[in-house]
Amino acid sequence: MNLPEIHRRRTRAVRVGNVTIGGGAPVSVQSMTNTRTADADATIAQVRRMAEAGAELVRVAVPTADDTAALRKIVPASPVPIVADVHFHFDRALEAIAAGAAKIRLNPGNISDRRQVREVIRAAADTGAAIRVGVNEGSVVDRADAARRQADLRKPLDELMADKLAEYLEVFGECGFDNLVLSAKSHDATTCVAVNRRLTERWDYPLHLGVTHAGTRETGAIRSAAALGALLSEGIGDTIRISYAGDPVHEVAAALELLYSLRLRARRGIELIACPTCGRLQTDIAPIVEQVRAALADVTAPITVAVMGCVVNGPGEADSADVAVCAGKGKAILYRRGQKLRTIPTEEILPAVVDEVRKLAAEWADQKR
Ligand code: SF4
């Protein structure tokens, strides 16, 4: 089938270790550890789990000198480039760069002394580390000066965030440093969309997309998908983080699923198309869908499986799926790549689908050899 494509916005390319952000590179997935970074062993273990799940960059918080010291152990042990998240203390940025961080994140809202920023820029230029300048909604309004605060509050938030970023980037321009990734995050999905559109009008640096303080897994994943999905479908965004409270491995899985859904990355593993259930259902299909998902969770071959509850859309979905089953009362029709294979009793749906998928996965593995 001839499907519409997303046309990515062209940006500069920025190297972060062995990962390229922007410049036409695939949208990369990143996430952030929630261990204490100073506990190097726990952090390394979590970084590895995240990398196995598909994270291509991992960010760690470095609020103390013990954290940046631990980077000397974490960076060489990590399978992916490590990004140091720096707030308030510019010396943490210098220590992180010296310890081998491939990229650091600076927040204009809390490291603003130009002399200090110049020092960080010089250090990054020396090692080749990239810098993400990331503004957050929560730290753009001036808190020190009442008049400036009033002026900030009068501006539309997305304009204010872009203006603060522009002010901060002046010193990078003066230093001739352009190994930059930009980000502008809000907890509000609409603000995220608006401010990132503004950034594309002003700069051609690659953009890191994310929704900040998105909440729990239930709300955070949807809020992130609303903002990031809108931007990515316009071709905006070069690396993404979906963030919510909980295990960061789940964030990685959610980010990958978003990219797969938009066909911005080639799927690794099963794409499951499933009947959402309605009054036409003649077989209790929901538990079967879940059993199929669980039974095929280890498959890495890109295979589309449709488990449908009736004949309304079943044959149509079977046409575009690698393996499909269309259930009726007490029985189901099994398809492989649109071809009807046979009719099976309901209780054989799970083993029959799993068997067909495993055969296709073996063929895929043979072709790759
Ligand atoms: S596949 Fe059939 S049973 Fe399932 S939601 Fe669609 S129409 Fe309803």
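Calculation rules
- Residues numbered from 1 in each chain as written.
- Predicted model: local features only at pLDDT ≥ 70, side-chain atom pairs only at ≥ 80, totals over all residues.
- Heavy atoms only, no water.
- Helix = DSSP H or I, 4+ residues; strand = E, 2+ residues; numbered from the N terminus.
- Buried < 20%, exposed > 50% of the residue type's maximum accessible area, 1.4 Å probe, protein only.
- Contact = heavy atoms within 4.5 Å.
- Axes fitted to C-alpha atoms, helices over the stretch in contact; angles between N-to-C directions.
- Parallel < 35°, antiparallel > 145°, perpendicular 65-115°, else oblique.
- Left-handed = near helix turned anticlockwise from the far one by under 90°.
- Near = heavy atom within 4 Å.
- Nonpolar A, V, L, I, M, F, W, Y, C, P; charged D, E, K, R; others polar.
- Phe/Tyr/Trp six-rings, centres within 6.5 Å; stacked < 30°, edge-to-face > 60°.
- Domains from an automatic or database assignment.
- 1 Å grid on protein atoms, 1.4 Å probe; cavity = no way out; pocket = protein on both sides within 12 Å on 5 of 7 lines; lining within 4 Å.
- Points joined across faces, edges and corners; volume = space filled by probe spheres on them.
- Pairing = 2+ DSSP bridges.
- Core = buried A, V, L, I, M, F, W, Y, C linked by side-chain atoms within 4.5 Å.
- Expected span 1.5 Å × (residues − 1).

A. Region of interest: the overall build of the chain. Across its full length, the chain holds 12 helices and 15 strands. Projecting the C-alpha coordinates of the chain onto the three principal axes gives extents of approximately 75 × 45 × 35 Å. Buried positions account for 50% of the 369 residues belonging to the chain. For the chain, the proportion of contacts with a sequence separation of at least 24, taken over those separated by at least 6, is 63%.

B. Inspection of the packing of helix α6 (residues 157-174) against helix α7 (residues 189-202) at higher detail. With their axes 9 Å apart at the nearest point, α6 and α7 run at an angle of 40° to one another. Between α6 and α7, the interaxial angle falls into the category oblique. Along this stretch, α6 crosses α7, giving a crossing that reads as right-handed. Residues L157, D158, E159, M161, A162, D163, L165 and A166 of α6 touch α7, and the partners they reach there are T191, A194, V195, R198, L199 and R202.

C. Representation of the side chain of K103. Mapped onto the fold, K103 is located in strand β6 (residues 103-106). Not counting the four nearest positions on each side in its chain, K103 is found in contact with V16, I21, Q30, I82, V83, A84, A130, I131, R132 and V181.

D. Quick peek at the site of the ligand. Every residue lining the ligand is accounted for by C275, P276, T277, C278, R280, L281, M308, G309, C310 and V312. The class makeup of the residues in the shell around the ligand is 7 nonpolar, 2 polar and 1 charged.

E. Inspection of the packing of aromatic side chains at higher detail. Tallying each qualifying case throughout the model produces 2 aromatic pairs. Plain terms: the ring middles of Y168 and F172 are 5.9 Å apart, the flat faces sit at 45° to each other, and that makes the pair tilted. Taken together, the residues span about one helical turn, with Y168 and F172 both in helix α6 at a distance of 4 residues. Of the two residues examined, Y168 and F172, each falls in the buried class. Taken together, the aromatic side chains of Y168, F172 and F177 make up a single cluster linked through ring pairs.

F. Unusual backbone geometry, seen in detail. Not every positive phi belongs to a glycine, and T277 is a case in point at roughly 75°. Topologically, T277 is positioned in the loop between β11 (270-274) and α10 (285-295). With relative accessibility at 36%, the residue T277 sits in the partly exposed group. Even without glycine at this site, R337 takes up a positive phi of about 45°. Tracing the backbone shows R337 in the loop between β14 (331-336) and β15 (339-345). Given the relative accessible area of 48%, R337 is considered partly exposed.

G. Representation of the domain arrangement of the chain within the structure. The domains assigned to the chain are domain 1 (13-261) and domain 2 (270-368). Centre-to-centre separation of domain 1 and domain 2, based on C-alpha positions: 40 Å.

H. Structural view of the layout of surface pockets. Roughly 730 Å³ of volume is contained in the largest pocket. Taken together, 20 residues make up the lining of the largest pocket; nearest its centre are A253, E257, R268, I270 and A297. Listed by contribution, the elements that provide at least two residues to the lining of the largest pocket are α1 (40-53), α9 (248-261) and β11. Broken down by element, the residue count for the lining of the largest pocket peaks at 6 residues, all from α9. When residues are assigned to domains, the lining of the largest pocket turns out to be shared by domain 1 (13-261) and domain 2 (270-368), each giving three or more. Around the second largest pocket, the lining comprises 22 residues; the ones closest to its centre are P108, G109, S112, K164 and E167. At the level of secondary structure, the elements contributing two or more residues to the lining of the second largest pocket comprise α4 (114-127), α5 (146-154) and α6. The greatest single-element share of the lining of the second largest pocket, amounting to 4 residues, is contributed by α6. The class makeup of the residues in the lining of the second largest pocket is 9 nonpolar, 6 polar and 7 charged.

I. Up close: the sheet that holds strand β3 (residues 28-32). With respect to topology, 8 strands assemble into an open sheet ordered β8-β7-β6-β5-β4-β3-β10-β9, the strand pairing being parallel. In this open sheet, the two edge strands, each paired with only one partner strand, are β8 (180-185) and β9 (208-209). Strand direction decides the pairing type here: strand β5 (residues 82-86) and β6, joined by 4 bridges, are parallel. Bridge pairing in β6 places V86 opposite L106. Each of β4 (57-61) and β5 is contacted by helix α2 (residues 65-77), which is oriented at about 170° to β5, the strand it contacts most. Along the sheet face, α6 touches β6, β7 (130-136) and β8 and points at about 150° away from the line of β7.

J. Molecular detail of the nonpolar core. Core analysis: the largest hydrophobic core is formed by 78 residues, its most contacted members being I104, L106, I131 and F172. Once you skip the residues sitting within four places of it in the chain, F172 turns out to touch L106, V117, I121, I131, V133, F177 and L180. Within the second largest apolar cluster, 25 residues are counted, among which are I288, V292, A352 and V354.

K. Spotlight on helix α12 (residues 349-368). The end-to-end C-alpha separation of α12 is 29 Å, in line with the 28 Å expected for 20 residues at 1.5 Å each. Here α12 has its buried residues at I349, A352, V353, V354, E356, V357, L360 and A361. Structurally, α12 contributes buried residues whose contacts are with β11, α10, β12 (303-308), β13 (323-327), β14 and β15.

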